[in-house]
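Notes for the structure review
Residue strings, one per chain:
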Amino acid sequence: MIQVGRRLWEREFISGTGGNFSARLDDNHILSTPAGVAKGRLTPDDLVVTDLEGTRISGRLQPSSELRIHLASYRLRPEVHAVVHAHPKTVVAHSLASINLMFTALPETVAALGMIRSVPYETPGTSALALKMEGALADHNAVVMERHGAITLGRTLLEAYDRMETLEHAAQTLYLAETLGTIEALPDDEIDRLLDLVK
C-alpha cells in the first residue's frame, strides 16, 4: 500500500490528499487508505481496516468517502482483490473537454484492460456516484469518471496500479495521435480476439 501510494504520487496520478486505494484482506475485511492524508507519504499507521459494509474495524483515521465504490467492486467481483482510484491528468483532461478517448485503437490497451467505460459526472464521494459506478464496475476493469478521475480493478494491488498506469499511458498516446490526424478503432473481430486475452 505504501509503495503504491508513492508510485501514484511520483507519476503525478494524484496530488495533495487526492486518490484512494484498497485491498481485500479476506472475505470480510478491506484494508484502505484514509481520508485527508497525502498518499505519497503514507505510513502503516495511517491505513484503515473496514468490513464490507464500510464500518471501521481498526485504524485511527476515517476511511475515504469514496470507499463505497471500492466495497461495491468487491461485492460485485469476487475475483477482484484491489481497487485504485486516481486522477490521471490526460484522462481527466479529455473528460473535461467531453472527448471520448478511442482506447480501442490500441491493441495493448484492449488486451490489458478490456473495454473501458466512462460514467457521467456525479459529485465525488456521494452515494449517487457509487450507485452509478456499480453498473460500470460489474464488468469493466477500468472506468473513467467524468471530470473526476478513474478507477481500476485488479487481482492484486500492483495489478490494479499497473492498469491505472496503462490507462494514462494510452490516454497520452492517443492525445499525441489526435494532434497528428484521425484515429481509427481496430476492427471488431480483432477487438474480440484481444478481449479474449483479458484475464
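Read on for an overview of the structure. Here the structure is a predicted model, which is why all the values come from computation and not from measurement.

**Looking at the environment of Ser32**
Looking at where Ser32 falls in the secondary structure, it is placed in strand S2 (residues 29–32). Along the backbone, Ser32 and Thr50 are 18 residues apart, and their C-alpha atoms lie at a distance of 7.8 Å. Leave out the neighbours within four places in its chain, and Ser32 touches Met1, Phe21, Ser22, Leu47, Val48, Pro63 and Leu67.

**Some details on unusual backbone geometry**
With a phi angle near 55°, Ser98 is a residue other than glycine that sits in the positive phi range. Here Arg147, not a glycine, exhibits a phi torsion of approximately 70°, which is positive. Tracing the backbone shows Arg147 in the loop between strand S7 (142–145) and strand S8 (149–154).

**So, the nonpolar core**
Nonpolar side chains tend to gather and get buried jointly when the protein is soluble and globular. By size, the foremost hydrophobic cluster in this structure holds 36 residues, and its most contacted members are Leu8, Phe21, Met164 and Leu167. Those elements that provide at least two residues to this core are helix H1 (2–10), strand S1 (20–24), strand S3 (48–51), strand S5 (82–86), S7 and helix H6 (157–180). If you tally residues by element for this core, the top one is H6, at 8 residues. Setting aside its immediate chain neighbours within four residues, Leu167 contacts Val91, Phe103, Leu113, Ile116 and Ala150. Of all hydrophobic cores here, the second largest spans 18 residues; its members include Leu52, Val83, Leu129 and Ala130.

So, how was this worked out
Residues numbered from 1 in each chain as written. Predicted model: local features only at pLDDT ≥ 70, side-chain atom pairs only at ≥ 80, totals over all residues. Heavy atoms only, no water. Helix = DSSP H or I, 4+ residues; strand = E, 2+ residues; numbered from the N terminus. Contact = heavy atoms within 4.5 Å. Core = buried A, V, L, I, M, F, W, Y, C linked by side-chain atoms within 4.5 Å. Buried < 20%, exposed > 50% of the residue type's maximum accessible area, 1.4 Å probe, protein only.

Take it as geometry only, folks, not as evidence of what the structure does.
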